[in-house]
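Residues per chain, in single letters:
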Amino acid sequence: MVNLVDYDDEIPDGLSIGPDGRSHPTWNAHVVPTSRLSCYRPGVQQQPEVVREMFTCEEDNILVGADGEQMEVRLLAAVANVSKYREVFAKGGDIHAYTTEKLLGIRLDDVIEQYDRVFADIVYGKRRLLAHEVPKELKATWEKVLSGKIDQAQGVRDAAKAYFKRMRQIGKICCHSKSYGALDERTYSIVRWNPRVDAEIRNNISRRFIDTACANWRTEFHEIPTYQEACFQFWQQHGYVETPFHHRKRFFANGHKDRNAMANHPIQSAAAEIVNEAMIELYRLFGFDHVAKTGIVIQNHDAIYLEVRKSDAERVAKALEKSMHRTFNGIEIFAKAKIGKSWAEVS
């Protein structure tokens, strides 16, 4: 159900609302080559978070959603046998924090140490700092420190974490871009114009910085380009590529020029297979109730969302997590369910 009460009754462009107060897109099951679902009229899968806040459920219902935890990266680690990825996943670490450290040369502990020195200069006046020398994250916390709301150590940690989070987004984009076979130039363009990257960083990032990150990626995760080349060689020899679950794709629009698609297809398709099988299992368990307005309401990339009775929320959440759980080649594939009243809360 789409709630427009808090949005001045304005419907975003491309979002149509039916007489029942709900949005009913047309779903495509056989359009995306990787077997992912797509939709149009409206394309709800592409709605930003601010619009997702408008999507709510019936008064007696609740939403349950789960998004695969780094599903494609985990599948790539399993298929290409990426040793560094395996180590991080085995320890329960943050893969994108790891790639930020290895690709960009940025460690959270180093940022904390640097910010501690800068903060000392600010507070104790060891040297006069110009405005541009003070990181904006510190500007946001030093007033809280000086006013006694938080101590200096907490202020420095908060500022360092905020900066690292911004740079982590670049590490994540570089990781995905190179894993999909993008050239260094294309990776720079993706980072430079990606709205998810902080505007200040986007405007000041250099091509050399991204080229260095890409070179580090090839060194640290050398198994991935080796795997990508093997996919192309396999296609040349056999005339098809195969997913980890033994589904085949023979035809590529540009033939031998589609090297990236050949390497990317097995990973994307495997993720789609996991999600699609999970939806089938959830339908068998809970079905659709058109009176109570319960059942699967949307599927978006590696995520599934259901509207259920409030009393069933915990049971459905456990079933949702179980349906998306796999262990492939020693790598765990999983999702964590969330419960909330709006789509944004469970995304």
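What this report covers is the structure whose coordinates are included nearby. Only a predicted model underlies this, so the values are computations on that prediction, with no experimental measurement involved.

What follows is about the overall build of the protein chain. What the protein chain contains, in helices and strands, is 14 helices and 10 strands. On the principal axes, the C-alpha backbone points of the protein chain span a range of 70 × 60 × 35 Å. Across the 347 residues that make up the protein chain, the buried fraction comes to 47%. Partitioning the intrachain contacts of the protein chain with sequence separation of at least 6 by distance along the chain shows that 63% fall at a separation of at least 24. If you sum the accessible surface of the protein chain, you get close to 18,700 Å²; carbon and sulfur atoms cover 50% of it.

Two numbers describe how helix H4 (residues 95–104) lies on helix H7 (residues 152–179): the axes approach to 8 Å, and their chain directions differ by 85°. Taken as axis vectors, H4 and H7 run roughly perpendicular relative to one another. On the side of H4, the interface is formed by His96, Ala97, Thr99, Thr100, Leu103 and Leu104, while H7 contributes Phe164, Met167, Arg168, Ile170, Gly171, Lys172, Cys174, Cys175 and His176.

Moving on, we get to helix H11 (residues 223–238). Over its 16 residues, H11 extends 22 Å from the first C-alpha to the last, a length consistent with the 22 Å expected when each residue adds 1.5 Å. Where H11 is concerned, the buried positions are Glu223, Ile224, Tyr227, Gln228, Cys231, Phe232 and Trp235. Elements that come into contact with the buried residues of H11 comprise helix H2 (71–80), helix H3 (83–90), H7, helix H10 (207–220), strand S4 (241–242) and helix H12 (259–286). Among the residues trailing H11, Gly239 stands out with phi positive, at a value near 85°.

With that out of the way, let us pick up the environment of Ser347. With respect to the helices and strands, the residue Ser347 is situated in the segment after helix H14 (343–346). Of the residues examined, Ser347 reaches a relative accessible area of 33% and is grouped as partly exposed. In the structure, Ser347 is positioned 298 residues away from Glu49 in sequence and 8.4 Å away in space, judged by C-alpha atoms. If sequence neighbours within four positions are ignored, Ser347 has contacts with Arg52, Tyr305 and Lys338. A polar atom in the side chain of Ser347 sits 3.2 Å from the side chain of Arg52.

Attention now goes to the packing of aromatic side chains. For the structure shown, the criterion picks out 10 aromatic pairs. Seen from their ring centres, Tyr283 and Phe288 are 5.6 Å apart, and the 45° between their planes marks the pair as tilted. The class of Tyr283 is partly exposed, set by a relative accessible area of 49%. By way of ring pairs, the aromatic residues Tyr85, Phe89, Tyr98 and Phe221 are connected into one cluster.

Here we come to helix H13 (residues 313–323). Each full turn of the α-helix corresponds to 3.6 residues, which orients residues three or four apart in the same direction. When we look at burial in H13, the residues that qualify are Ala313, Val316, Ala317, Ala319, Leu320 and Ser323. Angularly, the buried residues of H13 cover 165° about the axis, an arc narrow enough to put them on a single face. Seen from the buried face of H13, the exposed residues on the opposite side, beyond 90 degrees, are Glu314, Lys318 and Lys322. Those residues of H13 that are buried lie in contact with strand S3 (61–68), H12, strand S7 (303–309), strand S8 (326–328) and strand S10 (335–340).

All right, on to the packing of H2 against H3 then. Following both chains from N to C, one finds H2 and H3 inclined at 125°, their axes separated by 9 Å at the closest point. Judged on the interaxial angle alone, H3 and H2 are oblique. Our pair here, H2 against H3, has a crossing hand that is left-handed. Mapping the contact onto sequence places Val73, Arg74, Ala77 and Ala78 in H2 and Tyr85, Arg86 and Phe89 in H3. Here the contact of H2 with H3 is composed, by residue class, of 5 nonpolar, no polar and 2 charged.

Quick look at the sheet that holds S3 now. Spatial ordering of the open sheet is given by S6-S7-S3-S10, a layout of 4 strands whose pairing is antiparallel. Edge positions in the sheet fall to strand S6 (295–300) and S10, since each of these pairs with one other strand and no more. Within the sheet, the average angular offset between the axes of one strand and its neighbour, ignoring direction, is 20°. When S6 meets S7, the two strands line up antiparallel, connected through 5 bridges. Within the sheet, the bridge partner assigned to Ile296 lies in S7 and is Leu306. This element, H13, spans S3, S7 and S10 of the sheet and lies at about 155° to S10.

Once that is clear, we can look at the state of the cysteines. Scanning the entire structure with this criterion turns up 0 disulfides. Cys57 supplies the cysteine sulfur nearest to Cys39, a cysteine that is in no disulfide, at a spacing of 19 Å. Assessed through its relative accessible area of 9%, Cys39 is described here as buried. With no disulfide of its own, Cys174 has Cys214 as its nearest cysteine by sulfur position, at a separation of 5.5 Å.

Once that is clear, we can look at the pattern of salt bridges. Tallied over the entire structure, the rule returns 21 salt bridges. The shortest N-O distance in the salt bridge between Glu200 and Arg166 comes to 3.3 Å. A residue pair is termed long-range when its members are at least 10 positions apart, and Glu200 in helix H9 (residues 199–204) and Arg166 in helix H7 qualify at 34 residues. Given a relative accessible area of 41%, Glu200 falls into the partly exposed group.

Conventions we followed
- Residues numbered from 1 in each chain as written.
- Predicted model: local features only at pLDDT ≥ 70, side-chain atom pairs only at ≥ 80, totals over all residues.
- Heavy atoms only, no water.
- Helix = DSSP H or I, 4+ residues; strand = E, 2+ residues; numbered from the N terminus.
- Buried < 20%, exposed > 50% of the residue type's maximum accessible area, 1.4 Å probe, protein only.
- Contact = heavy atoms within 4.5 Å.
- Areas by Shrake-Rupley, 256 points an atom, 1.4 Å probe, with all protein chains shown as cover.
- Axes fitted to C-alpha atoms, helices over the stretch in contact; angles between N-to-C directions.
- Parallel < 35°, antiparallel > 145°, perpendicular 65-115°, else oblique.
- Expected span 1.5 Å × (residues − 1).
- Polar contact = N/O pair within 3.5 Å; in protein donor to acceptor, adjacent residues only side chain to side chain.
- Phe/Tyr/Trp six-rings, centres within 6.5 Å; stacked < 30°, edge-to-face > 60°.
- Arc of directions from axis to C-beta.
- Left-handed = near helix turned anticlockwise from the far one by under 90°.
- Nonpolar A, V, L, I, M, F, W, Y, C, P; charged D, E, K, R; others polar.
- Pairing = 2+ DSSP bridges.
- Disulfide = S-S within 2.5 Å.
- Salt bridge = Lys/Arg side-chain N within 4 Å of Asp/Glu carboxyl O.

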